[in-house]
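Below, each chain spelled out in residue letters.
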Amino acid sequence: MNFDLDGRTAFVTGAARGQGRRHAITLAQHGANIVAIDLCGQIDTVPYSMSTPEDLAETVQLVESTGRKIIAKQGDVRDFEQVQATVDEAFAAFGRIDIVVANAGTNGLGGAGGAGPFESQDIDLQRWRDCIDTNLTGVFNTIKAAVPAMISGERGGSIIATSSTAGIRGLRSMADYVAAKHGVVGLCRAFANELAEHSIRVNTVHPTGVATQMVENPELPAFFQAYPKAAVNLDGNLLPVDLVQPEDVSNAVLFLASDAARYVTGLEMTVDAGFTARA
Ligand SMILES: NC(=O)c1ccc[n+]([C@@H]2O[C@H](COP(=O)([O-])OP(=O)(O)OC[C@H]3O[C@@H](n4cnc5c(N)ncnc54)[C@H](O)[C@@H]3O)[C@@H](O)[C@H]2O)c1
């Protein structure tokens, strides 16, 4: 299969750590130059520690060690102007945008002893706004900012947005996240229709739990201990694995980014150990 991305430019959001960092490294290993953006800061309604500027600097070093170039910016996908400025700088430097990985995301689930809502009806309005702003509006901002550069290149392209099993199933105690991740599917279906005439493909990836700080943090076990009903969110993988690794998702992203998937668009690709197929 042809996974060669030599000479292409990939824009990856949420690239300071976790899956986004792994996607950036994987795409660079296959020849792409990288444009990265990450908040590198905290959102108050997110119960776990988010990334830091040092995390983003480490991503830069790891991508550069592949021999490819990277432009990395501290910025917020909730803010269209910041996303557009990053895309513009990358387009000026690299002359093209071929691949977009709209990966930045947050999850407000967590906290024990009343710190977090136990059911979706308890989600406070600020947590709802923050979750939709990053996980759905952030994806829209990312695609909107990058598409004109992709179209102007007349080479087609590939957009991959990170959804979740929560973009397919109504997972418990996180209706904000479920709504945002379902919204990402609708958004990408619409863009798949509208961008096909430019040979720009638009797909979503749907991981089950991934071993990153979004789930590997002290807040989450405390929440599930305090509210065992929500443990259905955890108990769904068919294959004998609790959490998949970031590289398992990167493999799907690489496939969708590459010419091996040249006629794949509008797909919801699960990397979920069978979670959404459970009887
Ligand atoms: N970890 C899981 O179990 C899991 C499962 C399914 C889907 N996902 C999704 O995968 C994606 C990556 O998450 P991860 O597991 O790598 O978690 P992570 O917390 O390690 O990484 C997310 C990155 O996104 C960045 N980010 C968050 N909000 C941002 C904003 N407003 N602007 C710019 N950057 C922002 C964070 O700073 C962080 O570096 C997310 O969309 C998440 O919802 C995660």
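Here the structure is shown first, and the text comes after it.
Keep in mind that this is a model prediction, so the values were computed, not measured.

Cut-offs and rules
- Residues numbered from 1 in each chain as written.
- Predicted model: local features only at pLDDT ≥ 70, side-chain atom pairs only at ≥ 80, totals over all residues.
- Heavy atoms only, no water.
- Helix = DSSP H or I, 4+ residues; strand = E, 2+ residues; numbered from the N terminus.
- Expected span 1.5 Å × (residues − 1).
- Bend = angle between axes of the 7 residues up to and from the residue.
- Polar contact = N/O pair within 3.5 Å; in protein donor to acceptor, adjacent residues only side chain to side chain.
- Near = heavy atom within 4 Å.
- Areas by Shrake-Rupley, 256 points an atom, 1.4 Å probe, with all protein chains shown as cover.
- Pairing = 2+ DSSP bridges.
- Axes fitted to C-alpha atoms, helices over the stretch in contact; angles between N-to-C directions.
- Contact = heavy atoms within 4.5 Å.
- Salt bridge = Lys/Arg side-chain N within 4 Å of Asp/Glu carboxyl O.
- Right-handed = clockwise from strand over helix to strand, strands pointing away.
- Parallel < 35°, antiparallel > 145°, perpendicular 65-115°, else oblique.
- Left-handed = near helix turned anticlockwise from the far one by under 90°.
- Disulfide = S-S within 2.5 Å.
- Buried < 20%, exposed > 50% of the residue type's maximum accessible area, 1.4 Å probe, protein only.

Some details on helix 4 (residues 125–153)
The end-to-end C-alpha separation of helix 4 is 41 Å, in line with the 42 Å expected for 29 residues at 1.5 Å each. The largest bend along helix 4 measures about 35° and falls at T137. With a side-chain oxygen positioned 3.0 Å from the backbone nitrogen of Q126, the residue opening helix 4 is D124. Once helix 4 finishes, E154 follows within two positions and takes phi at roughly 55°, a positive value.

Remarks on the site of the ligand
Around the ligand, the structure places 31 residues, and the nearest of them are D38, N103, Y177, V210 and T212. R17 is positioned with one of its side-chain polar atoms (N or O) 2.9 Å from an oxygen atom of the ligand. Between a nitrogen atom of the ligand and a main-chain N or O atom of L39, the distance comes to 3.1 Å. Protein chains shield 98% of the accessible area of the ligand, which is 820 Å² for the free molecule. When residues of the shell around the ligand are traced back to their parent elements, those giving at least two are helix 1 (18–29) and helix 5 (175–195).

Thoughts on the sheet that holds strand 2 (residues 33–38)
Paired through backbone hydrogen bonds, the strands of a sheet run either parallel or antiparallel to each other. A sheet is described by the order of its strands in space; here seven strands give the open sequence 3-2-1-4-5-6-7, paired in parallel fashion. The sheet is open, and its two edges are formed by strand 3 (70–74) and strand 7 (268–271), each paired on a single side. The sheet shows a mean angle of 15° between the axes of neighbouring strands, taken without regard to direction. Across five bridges, the pairing between strand 1 (residues 9–13) and strand 2 is parallel. Within strand 2, the residue paired with F11 across the bridge is V35. Most of the contacts of helix 3 (residues 80–94) go to strand 2, to which it runs at about 165°, and overall it touches strand 1, strand 2 and strand 3.

Some thoughts on the pattern of salt bridges
Counted according to the given criterion, the structure contains nine salt bridges. Linking R21 and E58 is a salt bridge whose minimum nitrogen-to-oxygen distance equals 3.7 Å. Of this pair, R21 sits in helix 1 while E58 sits in helix 2 (residues 53–64), and the two are 37 residues apart along the sequence. A salt bridge links E119 to R172, with the nearest nitrogen and oxygen atoms 2.7 Å apart. Taken together, the positions of E119 in the loop between strand 4 (99–102) and helix 4 and R172 in the loop between strand 5 (157–162) and helix 5 put the pair 53 residues apart, joining distant regions of the chain.

Structural notes on the pairing of strand 3
Bridging between strand 2 and strand 3 involves five bridges; their strand directions are parallel. Note that in strand 3 the partner of A36 across the bridge is A72. Each parallel crossover has a hand, and for strand 2 linked through helix 2 to strand 3 it is right-handed.

Looking at the packing of helix 1 against helix 7 (residues 246–257)
Between helix 1 and helix 7, the shortest axis-to-axis distance is 9 Å and the interhelical angle comes to 50°. Relative to helix 7, the element helix 1 lies oblique. Helix 7 is crossed by helix 1, and the crossing has right-handed handedness. Contact with helix 1, carried on its side by G18, Q19, R22, H23, T26 and L27, involves P246, E247, V249, S250, V253, L254 and A257 of helix 7 and no other residues of that element.

Describing the state of the cysteines
Each disulfide is one covalent bond, formed between the sulfur atoms of two cysteines. Going through the model one piece at a time under the given rule, you end up with zero disulfides. Looking at C40, it has no disulfide partner, and the nearest cysteine sulfur is the one in C131, 20 Å off. The buried category is assigned to C40, whose relative accessible area is 7%. Left without a disulfide partner, C188 is nearest to the cysteine sulfur of C131, which lies 16 Å away. Among the residues examined, C188 registers a relative accessible area of 2% and is labelled buried.

A look at the side chain of D98
Within the element layout of this structure, D98 appears in the loop between helix 3 and strand 4. A polar atom in the side chain of D98 sits 2.9 Å from the side chain of R96. Discounting residues that sit within four places of it in the chain, D98 has contacts with G7, R8, T9, M150, R155, G157 and S158.

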